[in-house]
Amino acid sequence: MHELIERSIKEASHYFQNFFIHDYGRPGFLHRVDARIKLLGTFLLVVLAVSTFDVTKILAIFTSCLVLAAFSGIGVLKVLKRIWLFTLFSFLIVLPLSISLRFEDVLYVLLFTLRVATSLTAIQILILSTPFNDVVYAMRGLRFPEAFVSGLWLAYRYIILMFTELMRVMLARESRRMTRGSHMEVWRKGGESLGLFFIRTFERAERVQLAMKARGEKVIAFKGSFSKLDKIYIIFMAAVTLWWIVI
């Protein structure tokens, strides 16, 4: 039983860490679009997805996201691998509503899950095609409050740091364990590992904070003129919005 728990923790840590990490693969169409335009486009897609329960409109936005992923070299399968766990969690959250087996309740559960999947797909396309530092620079370029952007930047760094440290603690524990041990011993060692994990996370976070202060932690606003690819992306977003309004 404890081995299953440990494997689940490792897999969950690996999944959540990858969810927030940018993919530095071969750049495609979307990678060269201005980060400010992509940020506004992602916000538009999320708003369109969550502002309706019309299945046709939600599928239209979901299809548009998959088209963007396919034509940008990101890959539809890669996006789906990143969103499946949160989508499943949202489905399980609203699943009790369908116990009555009424058509309206079952339809609500399915549409709610589809809305979450569509929103996550749009966010993942932004994450996969844009380094997070470009995202925060774009926020400053769009006049987001500096306190909000700086807090988001620190939170992102610490989330990655936390999951990285968790994986290292789990790996160190496995490399030093010679026998399976009893359940009580596993729980005791697990508590020790958890305490070590928090201590190392705080220590590493403090070092990161000091390093950022030493190098200057002010977030610079992203500036620059729009290219032809930016205009193509704007036209695509306008077409998707018009399609959403008409259907």
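Residues numbered from 1 in each chain as written. Predicted model: local features only at pLDDT ≥ 70, side-chain atom pairs only at ≥ 80, totals over all residues. Heavy atoms only, no water.

Caption draft 1: Geometry of the overall build of the protein chain. Scanning the protein chain for helices and strands turns up 9 helices and 0 strands. Ordered by position in the sequence, the α and β elements of the protein chain form the string α-α-α-α-α-α-α-α-α. When the 247 residues of the protein chain are sorted by exposure, 38% land in the buried category. Considering only residue pairs separated by 6 or more positions, the protein chain has 83% of its internal contacts joining residues 24 or more positions apart. About 14800 Å² of surface is accessible on the protein chain, with carbon and sulfur atoms providing 70% of the total. (Helix = DSSP H or I, 4+ residues; strand = E, 2+ residues; numbered from the N terminus. Buried < 20%, exposed > 50% of the residue type's maximum accessible area, 1.4 Å probe, protein only. Contact = heavy atoms within 4.5 Å. Areas by Shrake-Rupley, 256 points an atom, 1.4 Å probe, with all protein chains shown as cover.)

Caption draft 2: Examining empty space enclosed by the protein more closely. The tally for this structure, following the rule as stated, stands at 1 cavity of 30 Å³ or more. Counted as a void, the largest cavity has a volume near 40 Å³. Residue lining of the largest cavity: Leu30, Lys38, Thr42, Leu45, Leu68, Ala122, Ile125, Leu126, Ser129 and Tyr233, and that is the complete set. For the lining of the largest cavity, the secondary structure elements donating two or more residues are α2 (35–50) and α5 (103–129). The leading source of residues in the lining of the largest cavity is α5, at 4 residues. Taken together, the residues that form the lining of the largest cavity break down as 7 nonpolar, 2 polar and 1 charged. (1 Å grid on protein atoms, 1.4 Å probe; cavity = no way out; pocket = protein on both sides within 12 Å on 5 of 7 lines; lining within 4 Å. Points joined across faces, edges and corners; volume = space filled by probe spheres on them. Nonpolar A, V, L, I, M, F, W, Y, C, P; charged D, E, K, R; others polar.)

Caption draft 3: Fine view of the pattern of salt bridges. With the rule as written, the count across this model stands at 1 salt bridge. Notably, a salt bridge pairs arginine 36 with aspartate 34, separated by 3.0 Å at the nearest N-O pair. (Salt bridge = Lys/Arg side-chain N within 4 Å of Asp/Glu carboxyl O.)

Caption draft 4: Geometry of the packing of aromatic side chains. Here the structure, examined in full by the defined rule, presents 3 aromatic pairs. Residues phenylalanine 144 and phenylalanine 148 carry aromatic rings whose centres are separated by 6.2 Å and whose planes lie at 25 degrees to one another, so their mutual orientation is stacked. Ring pairing ties together the aromatic residues Phe53, Tyr108 and Phe112, which thus form one cluster. One cation-aromatic arrangement involves lysine 57 over tryptophan 244; the distance from NZ or CZ to the ring centre is 4.4 Å. Over the aromatic face of phenylalanine 53 sits the side chain of arginine 115, whose NZ or CZ is 4.0 Å from the ring centroid. (Phe/Tyr/Trp six-rings, centres within 6.5 Å; stacked < 30°, edge-to-face > 60°. Lys NZ or Arg CZ within 6 Å of the ring centre and 35° of its normal.)

Caption draft 5: Structural context of a nonpolar patch on the surface. Together, Trp84, Leu88, Leu92 and Leu95 make up a nonpolar patch on the protein surface, roughly 370 Å² of accessible area in all. Tracing the sequence through the fold places leucine 92 in helix α4 (residues 76–94). (Patch = residues over 30% accessible without salt bridge, like charges linked within 9 Å, V, L, I, M, F, W, Y side chains within 5 Å.)

Caption draft 6: How the structure looks around the nonpolar core. By size, the foremost hydrophobic cluster in this structure holds 23 residues, and its most contacted members are Leu30, Leu45, Ile61, Leu68, Val79, Ile125 and Tyr233. Where this core is concerned, the elements lending two or more residues are α2, α3 (55–71), α4, α5 and α9 (228–246). With 5 residues, α5 is the single largest residue contributor to this core. Setting aside its immediate chain neighbours within four residues, leucine 45 contacts Ile61, Cys65, Leu68, Ala122, Met237 and Val240. (Core = buried A, V, L, I, M, F, W, Y, C linked by side-chain atoms within 4.5 Å.)

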